[in-house]
Amino acid sequence: MSGIPKEFRGIIWQLVSKSKNFQLEEFYLHLKSESSIHEKAIKRDLSRTSFFTNVEQVNKAQELFNVIKSYSLFDPDVGYTQGMIFIAIPLIMNMSEAECFSLLVTLMKEYRLRDLFCPEMKGLHLMLYEFDRLLESYSPVLYNHLVKQGIKSSMYASQWFLTFFAYKFPLDIVLRIYDIIVTQGMESILKFAVNLMLKNEASLLSLSFDNLLEFLKDKLFNIYVHEEFINFKDDSTKRSSGSRFSLLPSSKSSNSTTTTGSAIKGQYYKLDSLVQDSMKINLDPVELTKYENEFENIYNNEKSKVDDIKQIKLENGNLRHKIKELETNYAKLNMDHIEIVQEMVDLKVTLPDVINDNEDLTNSIEQLKCDIQALESKMSESPSTSTSDINSKALPVEIENNIQELLKVNAEETERAVNLEEELSTLLEEQNTLEQELKKYSKSGGWFSWGKKA
Amino acid sequence: MSYPTPATSVKLVLLGEAAVGKSSLVLRFVSNDFQENKEPTIGAAFLTQKCTIGERTIKYEIWDTAGQERFASLAPMYYRNAQAAIVVYDITKPASFIKARHWVKELHEQAAKDITIALVGNKYDLVQDDDEGQGEREGVRKVSVEEGQNLAAEEGLLFYETSAKTSYNVNDVFIGIGNKIPEAASLASSPEQNNNEGRIDLSTNASSNGNRNLCSC
Ligand SMILES: Nc1nc2c(ncn2[C@@H]2O[C@H](COP(=O)(O)OP(=O)(O)OP(=O)(O)O)[C@@H](O)[C@H]2O)c(=O)[nH]1
Ligand SMILES: [Mg+2]
């Protein structure tokens, strides 16, 4: 049992997983040309994955980008999640990009890898739970030690499961793990995980929190370093933990070092032993189902608890907000109250003065009213005299002129009357004289008589 | 106390959008190193570093979390019993500042009441002028100093702009946090207690309050 030969790996993975799907591959060609909202993030993370800055096949970077981007379009609920790149790297190294896409889709859907990446990451939590239970049953001592140290599996094993060990472990190992996952299903990753813990049990039991986490991060596989390299072990661990993506560098370093030693290519790690040991871990499907049910219960409980807590916290927050509001309102009212009381006191102090002033003012007003009345009555008399004065000055000139004129006319008339009376008397005298003369003449016989008329 | 105080542990968590430089800040603080292409963090990473501030020696137990939204469900485990948090954003990425706001809110709602939070705008080197002048390169900065300061003042946070690349202000963040963590609180949580499960550590809750106003900026 030495794993799938390198040259056939890609083909065999596809055959075993039945991922070959021309329709899907065709669809991929279509997706490849579309743009995704995750593009930026994918590009960013690809550039941060030094795998590509080191490797000769730089063109694979573009292919890998296409595959991951297309998957984010193909499965929008999952979109892009950090970790996917690590899953896809071993794939793209062994097949064309369309095939890689198709196999990725198969792993996600059929192997249920998707559950690990979906928004709530429920599949990841399930796997961590199953891992805990398995570890507990295989080595209660180790399990308890970890619990005592406050170390949870999610602190170190999340990245194992999310990347199929590709995040921190050497490529040789990762490829062998892939061989098993593809042929036996995703649960088999638990076998590797539990086996690694058991094989390192003694070391782990001797370590406490900080060192435990450090060890669990990238030293677990050291136990499978070939005896011939044990002398270089320290050196090589440094190298593999120092270089960012240890997939390639470690296999390369094994090549360069082996030239001096036994020259067995790629045998830096005892991969066969790793696989054999891991396969000894028994995953009873009945047990697994039991774990799954337990997890489901716990998960749902936890979730409703979290929801409750959220709800309560929200209400609490609202109430606290209200209390604060009320408190500020109360404080404001209190201030107003104090102000008003102060004002009242001030008023009470000044009130007698005000009353006095008021009385004074009332008196003054009375006085003024009297004065006004007096003035008013005076005012009502004076207007008529003044008007007659004005008339007596205006009229006399005219009237006097008239009177003067009339007097003149009168005088003239009187003179005329006097004159006329004088004329009349003269005329009467003349008549008398004439009558006497007439009488004289009539006595001497006259022709007519004036007698009758007198 | 006349005898030397033992190193006190401070649990610290880093939060912030993906690629803002959380892991780089920790790498700078812990190893005084910088990697141009730091890999994305999957899950979370744990590191420790001792730091002497005046008379006290503080051992920071740092959880560097994954920034991508998808991993948010894992974050509570790390901040739940943390005494300090660094919320990081990238001063050239406005979206990362919005995310920082959300983290601050979540911390205030879910984390220990007396948690010390530092708001950190990272990648300061990107806006710096090349020729060592005081000026800034124009147009690169997308989140102003004032925006950061205002958020920090509103929420009672420490505030720094840093560069993991040039190491500008990085140590200051940890010193600032150390100064703000009350002695009693860090003493109350001995390493054993701290490491015990991810449960809420009531002993840290009971100690000290009202330190939020001591903003050093
Ligand atoms: N110019 C510059 N680049 C930085 C700085 N800090 C980090 N970077 C770069 O930004 C990228 C992301 O940095 P990380 O430290 O991995 O970011 P992170 O916040 O840990 O990201 P996640 O682990 O995905 O959440 C890397 O390529 C770093 O080299 C900085 O201060 N200046
Ligand atoms: Mg990181």
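From a predicted model like this one, the values you see are computed outputs, not experimental measurements.

**Student:** Would you take a moment to explain the packing of aromatic side chains for this structure?
**Tutor:** Think of a pair of aromatic rings as described by two things: how far the centres are apart, and how the planes are tilted against each other in angle. Residues and elements named next belong to chain A. Enumeration according to the criterion identifies 26 aromatic pairs over all chains in this entry. Aromatic pair Phe74 and Phe101: ring centres 5.7 Å apart, planes at 85°, arrangement edge-to-face. In this pair, Phe74 sits in helix 5 (residues 59-74) while Phe101 sits in helix 7 (residues 97-109), placing the two residues 27 residues apart along the sequence. The class of Phe74 is partly exposed, set by a relative accessible area of 26%.

**Student:** In this structure, what is going on with the sheet that holds strand 6 (residues 158-161) of chain B? I would like to understand it.
**Tutor:** Strand pairing within a sheet occurs via backbone hydrogen bonds; the two strands may be parallel or antiparallel. Residue and element names in this part refer to chain B. Read from one edge of the open sheet, six strands run 2-3-1-4-5-6, paired in mixed fashion. At either margin of the open sheet sits one strand with a lone partner, and together these are strand 2 (44-53) and strand 6. With strand direction ignored, the average angle separating the axes of adjacent strands in the sheet is 25°. Contacts from helix 1 (residues 22-31) reach strand 1 (8-16), strand 2, strand 3 (56-65), strand 4 (84-90) and strand 5 (116-122), with the element oriented near 150° to strand 3. Across the sheet, helix 4 (residues 145-155) is in contact with strand 4, strand 5 and strand 6; its angle to strand 6 comes to roughly 160°.

**Student:** What is the right way to read the packing of helix 13 (residues 171-184) of chain A against helix 19 (residues 271-280) of chain A from this model?
**Tutor:** Each pair of packed helices gets described by two things: the angle between the helix axes and the distance between those axes. Residues and elements named next belong to chain A. Across the interface, helix 13 lies against helix 19 with an axial gap of 10 Å and an inter-helix angle of 35°. Here the hand of the crossing between helix 13 and helix 19 comes out right-handed. Side by side, helix 13 and helix 19 meet where Asp172, Ile173, Arg176, Ile180 and Gln184 of the first sit next to Leu271, Asp272, Leu274, Val275 and Met279 of the second. A per-class count over the contact of helix 13 with helix 19 returns six nonpolar, one polar and three charged.

**Student:** Teacher, can you tell me more about the environment of Val26 of chain B here?
**Tutor:** All names here are of chain B. With respect to the helices, strands and loops of the structure, Val26 is situated in helix 1. Val26 gets classed as buried once you look at its relative accessible area, which sits at 1%. Other than its neighbours up to four places away in sequence, Val26 contacts Leu14, Ser31, Leu47, Ile62 and Asp64.

**Student:** Please explain the pattern of salt bridges as it appears in this structure.
**Tutor:** A pair can form between side chains of opposite charge whenever their charged atoms are brought close. Using the criterion set out here, one finds 30 salt bridges over all chains in the structure. We note a salt bridge from Arg133 of chain A to Glu294 of chain A, for which the minimum N-O separation is 2.7 Å. On the criterion of sequence distance, the pair formed by Arg133 of chain A in helix 9 (residues 122-138) and Glu294 of chain A in helix 20 (residues 285-443) is long-range, its members being 161 residues apart. On the basis of relative accessible area, Arg133 of chain A is assigned to the partly exposed category, the value being 23%. Lys123 of chain B is the salt-bridge partner of Asp90 of chain B, the closest N and O atoms lying 3.4 Å from each other. Of the two residues, Asp90 of chain B is situated in strand 4 and Lys123 of chain B in the loop between strand 5 and helix 4; the sequence distance between them amounts to 33 residues. Exposure remark for Lys123 of chain B: the relative accessible area of 23% places this residue in the partly exposed category. Shared partners join several salt bridges into a network, and the residues in it are Lys20, Glu25 and Glu99 of chain A.

**Student:** How do you make sense of the nonpolar core when you look at a structure like this?
**Tutor:** One recurring pattern in soluble globular proteins: nonpolar side chains tend to sit buried together. Counting residues in hydrophobic clusters, the biggest one holds 134 residues, and the most contacted among them are Phe131, Trp160, Phe161, Phe165 and Met197 of chain A together with Leu119 of chain B. Of all hydrophobic cores here, the second largest spans 25 residues; its members include Val20, Tyr160, Val170 and Val173 of chain B.

**Student:** Would you take a moment to explain the site of ligand 1 for this structure?
**Tutor:** Taken together, 27 residues lie around ligand 1, and Arg48 of chain A together with Lys22, Ser24, Glu36 and Asp125 of chain B are the ones closest in. Between ligand 1 and the protein, one listed contact pairs an oxygen atom with a side-chain N or O atom of Gln82 of chain A at 3.2 Å. One of the side-chain nitrogen or oxygen atoms of Lys123 of chain B is found 3.0 Å away from an oxygen atom of ligand 1. Examining the composition of the shell around ligand 1, we find that three residues originate from one element, helix 1 of chain B, more than from any other. Looking at side-chain class alone, the shell around ligand 1 contains eight nonpolar, ten polar and nine charged residues.

**Student:** I tried to follow the coordination of the magnesium ion (ligand 2) on my own but got confused; where do I start?
**Tutor:** Metal coordination angles in their ideal form are 109.5 degrees for the four-donor tetrahedron and 90 or 180 degrees for the six-donor octahedron. Residue and element names in this part refer to chain B. Surrounding the magnesium ion (ligand 2) are the protein donor atoms Ser23 (OG) and Thr41 (OG1), at 2.0 Å. In this pair, Ser23 is assigned in helix 1 and Thr41 in the loop between helix 1 and strand 2, connecting sequence segments 18 residues apart. According to the relative accessible area criterion, Ser23 is buried, its value standing at 12%.

**Student:** I would appreciate a short explanation of the interface of chain B and chain A in the present structure.
**Tutor:** By convention, interface size is frequently given as the accessible area that disappears when the constituent parts associate. Facing 29 residues of chain B, the contacting portion of chain A comprises 40 residues. Buried surface at the junction of chain B and chain A, both sides included, amounts to about 3000 Å², of which 54% is carbon and sulfur. In this structure, the connection of chain B to chain A is made through two salt bridges. We note a salt bridge from Lys168 of chain A to Glu39 of chain B, for which the minimum N-O separation is 3.6 Å. Summed over the shared surface of chain B and chain A, the result is ten residue pairs in polar contact (both at pLDDT 80 or more). Residue assignment for the side of chain B that touches chain A shows that the elements contributing at least two residues are strand 2, strand 3, helix 2 (75-79) and helix 3 (94-110) of chain B. Of the residues belonging to the side of chain B that touches chain A, the class tally is eleven nonpolar, ten polar and eight charged.

**Student:** Got a minute to help me understand the pairing of strand 4 of chain B in this structure?
**Tutor:** Side-chain positions along a regular strand alternate between the two faces of the sheet. Residue and element names in this part refer to chain B. With respect to burial, strand 4 is a largely interior element, seven of its seven residues being buried. Burial of the side chains of strand 4 extends over both faces: Ala84, Ile86, Val88 and Asp90 are buried on one face and Ala85, Val87 and Tyr89 on the other. With five bridges connecting them, strand 1 and strand 4 associate as parallel partners. Among the inter-strand pairings, Leu14 is bridged to a residue of strand 4, identified as Ile86. Relative to strand 5, strand 4 is paired through seven bridges, and the arrangement is parallel. Along strand 5, the bridge assignment pairs Asp90 with Asn122. Since strand 4 and strand 5 lie parallel, the crossover through helix 3 that links them has a hand, and here it is right-handed.

**Student:** Just checking my understanding: could you explain a negative patch on the surface for this structure?
**Tutor:** Among the surface-exposed residues, Asp336, Glu339, Glu343 and Asp346 of chain A lie close enough to one another that they form a single negatively charged patch. Looking at the element boundaries, Glu343 of chain A is found in helix 20.

The rules behind the values
Residues numbered from 1 in each chain as written. Chains lettered and ligands numbered in written order. Predicted model: local features only at pLDDT ≥ 70, side-chain atom pairs only at ≥ 80, totals over all residues. Heavy atoms only, no water. Phe/Tyr/Trp six-rings, centres within 6.5 Å; stacked < 30°, edge-to-face > 60°. Helix = DSSP H or I, 4+ residues; strand = E, 2+ residues; numbered from the N terminus. Buried < 20%, exposed > 50% of the residue type's maximum accessible area, 1.4 Å probe, protein only. Pairing = 2+ DSSP bridges. Axes fitted to C-alpha atoms, helices over the stretch in contact; angles between N-to-C directions. Contact = heavy atoms within 4.5 Å. Left-handed = near helix turned anticlockwise from the far one by under 90°. Nonpolar A, V, L, I, M, F, W, Y, C, P; charged D, E, K, R; others polar. Salt bridge = Lys/Arg side-chain N within 4 Å of Asp/Glu carboxyl O. Core = buried A, V, L, I, M, F, W, Y, C linked by side-chain atoms within 4.5 Å. Near = heavy atom within 4 Å. Polar contact = N/O pair within 3.5 Å; in protein donor to acceptor, adjacent residues only side chain to side chain. Donors = N, O, S within 2.8 Å, 3.2 Å for Na, K, Ca; no water. Buried area = accessible area lost by both parts, 1.4 Å probe. Right-handed = clockwise from strand over helix to strand, strands pointing away. Patch = residues over 30% accessible without salt bridge, like charges linked within 9 Å, V, L, I, M, F, W, Y side chains within 5 Å. Areas by Shrake-Rupley, 256 points an atom, 1.4 Å probe, with all protein chains shown as cover. Lys, Arg positive; Asp, Glu negative; His and termini not counted. Charge placed at Lys NZ, Arg CZ, Asp CG, Glu CD.

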